[in-house]
Amino acid sequence: MPVFKRISNILASYKLSCLLFLLLLLLTYLGTMNQVENGLYQSQQKYFESVFVVHWGFGSVPIPLPGGYLVMIVTFVNLLWGAVVRFRWSWKKVGILIAHVGILTLLAGSFVSYAFCQSGHMALYENESSDEFESSYEWEIGVGEASAGAPVTEYIIRQSDFDGLTYGQSRTFKFSALPFDLKIGGYMPNAAMGNGAASAPHGTGKLTELSLNREQEQNLSGATATLLEKQSGAAHEAQLWAGNNAPVTVEAGGKQWNLALRRHRWKLPFTLRLDHFKRELHPRTNMAREYSSQVTKIEDGAEREIRITMNEPLRHRGYTFYQSSWGPQNGPAKGPFYSVFAVVRNPADQIPLYSCIITGIGLVLHFMQRLLAYLKKEKAKKS
Amino acid sequence: MMRQVICLALIFTGVLTSAFRAVAAERAPSPPQWDKNTLSLFSTLPVQDDGRVKPLDTFAAFKLLKFHGSRSCPDAEGKSLTPMAWFMNCIFYPDAAKEYNVFRVDNDEVIIAIGLLPKKKRDYYSYAELSPAHEKLITLGRQYMQKDEQQRSVMETELMALGMNLREFEEIISFADCARKKFSLTEHKEMAALFPNQAECRLSEVLRKAPQLFTAYMDLKKKSDAAAPELKDFAAFLKEVQDASVDATELALFPPPAGPGNAEWYSPADMVQVAFSGEILSAAQLDLLANFEELASSTANLDAFKKQAATLHGSLRAQATARGEYGKIGLEVFLYRMQPFYNALLLYVLSFILVACLWMRPASKMLAAASFGAILLSTVLLSCGIVLRCIIRERPPVTTLYETILFVTAVAVAVSLFMEWVNHQRVALSLASVLGVAGMFLANKYEVREGSDTMVSMVAVLDTNFWLATHVTTITIGYAAGLLSGGLAHVFVLGRLFRLRRDDREFYRGLTRMVYGSLCFALVFSVVGTVLGGIWANESWGRFWGWDPKENGALMIVLWQLAILHARMDGMLRDFGINIAAIIGGIVIAFSWFGVNMLGVGLHSYGFASGAHLALVGFYAFETAIVFLGCIAWLRDHNVKSARPQAG
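Residues numbered from 1 in each chain as written. Chains lettered and ligands numbered in written order. Predicted model: local features only at pLDDT ≥ 70, side-chain atom pairs only at ≥ 80, totals over all residues.

Comments concerning the overall build of chain B
1) Next: Helices and strands together make up the secondary structure of chain B, namely 26 helices and 8 strands.
2) Next: The buried share of chain B, taken over its 648 residues, is 44%.
3) Next: Sequence separation of 24 or more characterises 70% of the internal contacts of chain B that already satisfy a separation of 6 or more. (Helix = DSSP H or I, 4+ residues; strand = E, 2+ residues; numbered from the N terminus. Buried ≥ 20, exposed ≤ 12 C-beta atoms within 10 Å, placed from the backbone. Contact = placed C-beta atoms within 7 Å.)

Below is the structure:
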């Protein structure tokens, strides 16, 4: 099995490790410098959360590189396989082994985070409450019957299902319970609703594509939705825009339907109410000393008061709420304020901490052994 | 920073500049030679500034550092003044202070641009010399302010800084004007009832009577119509008081009574604003203001002045103590009197000279001991300074970019001394003195460049001693050890380049061992520090890793060190390779430490210093040249080695 052996050797080799370290180093450098021009989100998408990258050297020379995602997966394999192939029990190696287990844990944890983490934000005015939070980056299209007050079933299309449908492309989504098929197309990552939008009824304005903002939060996407009635075949078109505060209402099959392009939402198993937001400055400065939110958690009718502040998040049932921002920042000094919480549900939340402890112990153990051996040798040399 | 921006905006938008005030026209007495006692009284006077209560001495010293670029300034006769003496003269003898050459101008183009005759290319100017060009300075400053920061030339930036300094100086010299001023009551008949048998009154008296003043004003308003002359007269008096005090903002000398929610100390301007908005000032604050008025008005009689100063100091001290804000004042004055970082620089320079002598007389045991002792002593001094700062701020050692410089130097030198203690090769010893000189030089330069207090308040997210102590300290130790390995590698590369100790293979092997050892040490701290940073971010923002530039910088250091150590395991890097790689590691650390802060993006772009950019690029270039030379030396030696068997 020379081929298998050769591949195994390569996969477990230090040479590959070094190559991977250098590649990741290069990507990190390029991704950092790219932020100056293109902001964090776009650089992150391009260099780190990708399989392949084409970096434009000197602005015009295309340099193909593996993306951060690919490099990290291969690193994981290299590390794991290296450990399997080279593993020999000895006290001398035990520190290094522990350290590598720590790093493997860290990498594994980050894959788990990448795959399963829900992260977004929740903004509440004082005395307002909510049991859902929305994504900061991901869009969704929601369709449901427009009815006054009564809760309705809403059908959700996630962004990954429609963000490839740019320019002339479109896709038809079928829901058996709806009297129409929904054709989505003309997706724009950042768009403006054309003039006349304010006076025209929702959904009839003209979408214009804009170049992407450096700050991803400021991009407002747009798409064209067409309701194709199953019976009559009649088509009703609507322009969806994330900047709209209210859903677009379209008539189809004799009923009114609400369509909205909005930030993706997650439901929480409990409700949070903001009672009071406080912002304290260092005396005689404009520098914030502390932001804090007094909130009440309402769950199954039971209420509990909790304080959320910087560096002291609220953790409950797998969700963590962080004090993230506040506003209106140039509003009246005495409020009313709203407080923004970053909300994260990450099953691998505490993995980095464990990994840090394991790796730290491993490295300290190993290098202490080396240092003591060296000191012993020096002493022997002198005497 | 925010304060600077606001200040800049106020200056150049002309809100405050309509009047170029001529201060106290009458001929004032000239300032005395301040005796030690009086200086010490004023030095330890507490004042609130930038979020904390500090000694007036610290306040004065950083103002002088900002204007003058050093901590002493010559008076009109050329005699050197301490920051405290200079500041007291500014407050109490403003006319004399206007003649001091206090403003440092690095670029005479600034002077030419405002229409004055420059002295030397770089020189010092007095307020009196610059004031004829005041209007021009404001006009140009306003013009440059419109420009994008990146578009401004060095001259334009310097001109704006000069304009700001001039304005701040005006605020200092006019600070006590409102305390010296007596408001005439004879011109304002309505006041007579409130101040019986008085022809004039002081600001504190007006503020004491503020509630009655307002009741009287409201009564009058009810009784008479809006255009009544007595009402106008009343309003004119209030306006006079307000105008006289509006610029007295520089020193927040008057603490509120102890108690929760009373965080902010008041300047005279604040007191007027508070009293005039209907709130009640505490009697203690008003007494202090009255005391300050007596002090400011008794400059003609030095004995009376000293008496008033002692009284003011006594009551201010008592009040600050009651608020729990006086405890560290004495310690801070002591810290700056001791000048540990400047003196450490001098001692490191001395030790460098001693080490140089030691290389010429390697057998001298006395020289060896003296060099080691001098480095040890300066490191102890440096550490004392760091510890004192920790005690004063109740913080771990590293909270700002400035403090990283101090800490990195201390750690790097301490680790070098440990190496020297182990192997007695004198390489680590020599490097320790070089690193000490470089670090302290950088620290002193940085302090002058910033020109503002280096013990600053922390923004909300950084306000946590636990994470500052763990993550920041660890990562900074990582920087120190990494830079040390780079420093040691210079000895190897330059030694091989110039073929020093050509046949001493053990010497070079020992060097590489030291480089490797410090790399391992660095890796432990870089890895743990970087991950800890992620854990902190996860606690604060809910994400472990966000590809923020500073995080990326730390990751780059870790990756580079990992690459070196793994390449060594594989035999890809041997002696030369490891040393050259360690030098490149130094460049990576410099990028992470300072470079990313200059990108102006991300969460860590604090301590932004644009002029320092050039120095950093210089460092990159220099180190790249060393790496290049190292490669040449390696190729040369390599060829010699591989040519030998053929020749043989």
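Things to note about the interface of chain A and chain B
1) Next: Every contact between the two is made by 51 residues of chain A and, on the other side, 54 residues of chain B.
2) Next: Contributing elements (two or more residues each) for the side of chain A that touches chain B: α2 (14-48), β14 (288-299), β17 (319-327), β18 (338-345) and α5 (351-382) of chain A.
3) Next: For the side of chain A that touches chain B, the leading source of residues is α2 of chain A, giving 17 residues.
4) Next: Tallied by class, the residues present in the side of chain A that touches chain B amount to 27 nonpolar, 17 polar and 7 charged. (Nonpolar A, V, L, I, M, F, W, Y, C, P; charged D, E, K, R; others polar.)

A short note on helix α3 (residues 68-86) of chain A
Along an α-helix, a turn takes 3.6 residues, which lines up residues three or four apart on a common side.
Residue and element names in this part refer to chain A.
1) Next: In this model α3 runs 26 Å from its N-terminal to its C-terminal C-alpha over 19 residues, within 8% of the 27 Å that 1.5 Å per residue would give.
2) Next: The set of residues buried in α3 consists of G68, V71, T75 and N78. Here the buried residues of α3 occupy an arc of 80° about the axis, which is enough to place them on one side. (Expected span 1.5 Å × (residues − 1). Arc of directions from axis to C-beta.)

So, the pairing of strand β7 (residues 180-188) of chain A
Residue and element names in this part refer to chain A.
1) Next: Where strand β6 (residues 170-174) and β7 come together, 5 bridges link them in antiparallel fashion. Bridged to S170 within β7 is G185.
2) Next: Between the antiparallel neighbours β6 and β7 lie 5 residues.
3) Next: Of the pairings in the sheet, the one linking β7 to strand β10 (residues 222-229) comprises 7 bridges and is antiparallel in character. Paired with M188 across the bridge in β10 is G222. (Pairing = 2+ DSSP bridges.)

So, the nonpolar core
All names here are of chain B.
1) Next: The biggest cluster of nonpolar side chains holds 132 residues, and the ones touching the most others in it are A412, A480, L488, V515, L559 and I564.
2) Next: Per element, the largest residue contribution to this core is 17 residues, and it comes from helix α23 (residues 505-540).
3) Next: When sequence neighbours within four positions are dropped, the list of residues in contact with A480 reads V408, V411 and A412.
4) Next: Counting residues in hydrophobic clusters, the runner-up holds 80 residues, among them A60, C90, L130 and L203. (Core = buried A, V, L, I, M, F, W, Y, C linked by C-beta atoms within 7 Å.)

Details of the confidence of the model for chain B
Residues and elements named next belong to chain B.
1) Next: On average, chain B scores 88 in pLDDT, and the residues at 70 or more come to 93%.
2) Next: Ignoring residues within four places in sequence, the model shows residues 1-8, a span with pLDDT below 50, making 7 contacts including any to other chains.
3) Next: Note that pLDDT drops below 50 for residues 605-609; the model gives that stretch 12 contacts with residues more than four away or on any other chain.
4) Next: As a predicted assembly, this complex carries a pTM of 0.89 together with an ipTM value of 0.87. (pLDDT = per-residue confidence, 0-100.)

Some words on unusual backbone geometry
1) Next: The omega torsion of the bond from G327 of chain A to P328 of chain A falls at -10°, within 30 degrees of zero and hence cis.
2) Next: Considering the arrangement of structural elements, one finds P328 of chain A in the loop between β17 and β18.
3) Next: The backbone of D50 of chain B sits at a positive phi, close to 50°, despite the residue not being glycine.
4) Next: By secondary structure assignment, the location of D50 of chain B is in the loop between β1 (46-49) and β2 (52-55).
5) Next: One non-glycine residue, R499 of chain B, lies in positive phi territory at about 55°.

Brief notes about the domain arrangement of chain A
1) Next: Taken as a whole, chain A is organised into domain 1 (1-87), domain 2 (88-116 + 349-383), domain 3 (118-130 + 268-345) and domain 4 (134-265).
2) Next: Once you take the C-alpha centre of each, domain 1 of chain A and domain 3 of chain A turn out to be 39 Å apart. (Domains from an automatic or database assignment.)

Observations regarding the packing of helix α2 (residues 36-43) of chain B against helix α4 (residues 83-92) of chain B
To describe two helices that pack against each other, one gives the angle between their axes and the distance between the axes.
Residue and element names in this part refer to chain B.
1) Next: Where α2 contacts α4, the axes come no closer than 10 Å and their chain directions differ by 80°. In terms of their interaxial angle, α2 and α4 are classed as roughly perpendicular. Contacts from L39, F42 and S43 of α2 reach α4 at M84, A85 and M88.
2) Next: Split into classes, the residues belonging to the contact of α2 with α4 amount to 5 nonpolar, 1 polar and no charged. (Axes fitted to C-alpha atoms, helices over the stretch in contact; angles between N-to-C directions. Parallel < 35°, antiparallel > 145°, perpendicular 65-115°, else oblique.)

Quick notes on the sheet that holds β10 of chain A
Residue and element names in this part refer to chain A.
1) Next: If you trace the 4 strands from one edge of the open sheet to the other, you get β6-β7-β10-β11, paired in antiparallel fashion. Where the open sheet ends on each side, the last strands, each with one partner, are β6 and β11 (235-241). Across the sheet, the mean angle from the axis of one strand to that of its neighbour is 25°, orientation sign disregarded.
2) Next: Two elements, β10 and β11, share 7 bridges in a ladder whose sense is antiparallel. Across the sheet, residue T226 finds its bridge partner in β11, namely E237.

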